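Each chain, letter by letter, is given below.
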Amino acid sequence: MGLLNALYKLLDEQQLQALQEALMRVQQNLRDTADVLAKAYIHCSVDTAGEWQAVKAALSGSEEMSAMQQELLAGYVQLFSDTLAPHSVLSSAALHRCCVGLVGAGEALSVLMLSGQ
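Let me sum up the structure you'll find in this document. Because the structure is a prediction, the values reported are computed rather than measured.

## Thoughts on the overall build of the chain
For step 1, the next point in the chain: Within the chain one finds five helices and zero strands.
For step 2, the next point in the chain: When its helices and strands are written in sequence order, the chain yields α-α-α-α-α.
For step 3, the next point in the chain: Counting the 117 residues in the chain, one finds 37% classified as buried.
For step 4, the next point in the chain: Of the roughly 6,900 Å² of accessible surface on the chain, 60% is carried by carbon and sulfur atoms.

What follows is the structure in structure tokens.
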């Protein structure tokens, strides 16, 4: 399991780096920022040709993997919140809840795209 966990983290770090690079190129308005967040987050999963989801599936049921996945998802939620905060009138708690939904939706959409739907 240790090797698969390391591979999962590596793939996630690659996704996070691609997302951060895309955000650095975005203009500072809500529409462009939201567009980059949505496209980059979903396409990062697809760009790994399903490797990320396959490793994730192989590790499912592992307590260590569950904790790691929660940590990584929390990091994405925080990135979304930090990125969208300058464009939002929501309280930080409300924005955080919205970003939990956005990240969850991104996860679901990437799974669907990988399955050809």
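## Remarks on the nonpolar core
For step 1, the next point in the chain: If you look at the biggest cluster of nonpolar residues, it comprises 16 residues, and the most contacted ones within it are Leu19, Leu23, Leu37, Tyr41, Phe80, Cys99 and Val103.
For step 2, the next point in the chain: Contributing elements (two or more residues each) for this core: helix 1 (2-24), helix 2 (30-47), helix 4 (63-84) and helix 5 (92-114).
For step 3, the next point in the chain: Looking at which element gives the most residues to this core, the answer is helix 4, with five residues.
For step 4, the next point in the chain: When near neighbours in sequence (up to four residues on either side) are disregarded, Cys99 contacts Val77, Phe80, Ser81 and Leu84.
For step 5, the next point in the chain: Membership of the second largest hydrophobic core comes to seven residues, among which are Leu59, Met65, Met68 and Leu72.

## Here we look at a nonpolar patch on the surface
For step 1, the next point in the chain: Together, Leu4, Leu7 and Leu10 line one region of the surface with nonpolar side chains, adding up to about 210 Å² of accessible area.
For step 2, the next point in the chain: Locating Leu10 in the fold gives a position in helix 1.

## Comments concerning the environment of Ala38
For step 1, the next point in the chain: With respect to the helices and strands, the residue Ala38 is situated in helix 2.
For step 2, the next point in the chain: Owing to a relative accessible area of 41%, Ala38 belongs among the partly exposed residues under this scheme.
For step 3, the next point in the chain: Here the alpha-carbon distance between Ala38 and Phe80, two residues 42 residues apart in the chain, equals 9.9 Å.

## Considerations on the pattern of salt bridges
For step 1, the next point in the chain: On inspection of all chains with the given rule, the structure shows one salt bridge.
For step 2, the next point in the chain: A salt bridge links Asp35 to Lys39, with the nearest nitrogen and oxygen atoms 3.3 Å apart. In this pair, Asp35 and Lys39 both sit in helix 2, four residues apart, roughly one turn of the helix.
For step 3, the next point in the chain: What makes Lys39 partly exposed here is its relative accessible area of 48%.

## So, the packing of helix 4 against helix 5
In helix packing, the relevant descriptors are the interaxial angle and the interaxial distance, both defined with respect to the helix axes.
For step 1, the next point in the chain: Closest axis-to-axis distance for the helix 4/helix 5 pair is 9 Å, and the angle between their directions is 120°. Taken together, the axis directions place helix 4 and helix 5 in an arrangement best described as oblique. In this structure, the crossing between helix 4 and helix 5 has a hand that is right-handed. Every residue of helix 5 that contacts helix 4 at Leu73, Tyr76, Val77, Phe80, Ser81 and Leu84 is listed here: Leu95, His96, Cys99, Val100, Leu102, Val103 and Glu107.
For step 2, the next point in the chain: Here the residues of the contact of helix 4 with helix 5 sort into 10 nonpolar, two polar and one charged.

## Structural notes on helix 4
For step 1, the next point in the chain: Over its 22 residues, helix 4 runs 31 Å from end to end, which matches the ideal 32 Å to within 8%, given 1.5 Å per residue.
For step 2, the next point in the chain: Within the span of helix 4, buried status applies to Met65, Met68, Gln69, Leu72, Tyr76, Val77, Leu79, Phe80, Ser81, Thr83 and Leu84.

Rules behind the numbers
For every chain, the first residue of its written sequence is number 1, and the numbers climb from 1 along that sequence. For a predicted model such as this one, the threshold for reporting local features is a pLDDT of at least 70, and the threshold for listing and counting side-chain atom pairs is 80 or more; totals across whole chains, interfaces and linings nevertheless cover every residue. The side-chain values count all of the structure's non-hydrogen atoms but skip hydrogen atoms and water molecules. Elements are defined by DSSP. Helices are runs of H or I of four residues or more, strands are runs of E of two residues or more, and each kind is numbered from the N terminus. Categorising residues by exposure relies on relative accessible area from a 1.4 Å probe, with only protein chains included: less than 20% of the type maximum marks a residue as buried, more than 50% marks it as exposed, and the intermediate range marks it as partly exposed. Residue burial considers only the protein chains on display, and all accessible areas are found by Shrake-Rupley using a 1.4 Å probe. Buried residues of nine kinds, namely Ala, Val, Leu, Ile, Met, Phe, Trp, Tyr and Cys, make up a nonpolar core once their side-chain atoms join them within 4.5 Å. Residue contacts follow a heavy-atom distance rule, with two residues in contact if any of their heavy atoms lie within 4.5 Å. Distance thresholds for patches are 9 Å for like charges and 5 Å for nonpolar side chains (Val, Leu, Ile, Met, Phe, Trp, Tyr), applied to residues having over 30% relative accessible area and no salt bridge. What makes a salt bridge here is a side-chain nitrogen of Lys or Arg within 4 Å of a carboxyl oxygen of Asp or Glu, nothing more. With axes taken as lines fitted to C-alpha atoms, and helix axes fitted only over the stretch in contact, angles between N-to-C directions fall between 0 and 180 degrees. Relative orientations are named as follows: roughly parallel for angles under 35 degrees, roughly antiparallel for angles over 145 degrees, roughly perpendicular for angles from 65 to 115 degrees, and oblique for any other angle. Should the near helix be turned counterclockwise from the far one by less than a right angle, the crossing is left-handed, whereas a clockwise turn marks it as right-handed. The residue classification treats Ala, Val, Leu, Ile, Met, Phe, Trp, Tyr, Cys and Pro as nonpolar and Asp, Glu, Lys and Arg as charged. All others, Gly included, are polar. Expected span, for any helix, means 1.5 Å times one less than how many residues it has.

Keep in mind that these numbers describe shape and distance, not what the molecule does.
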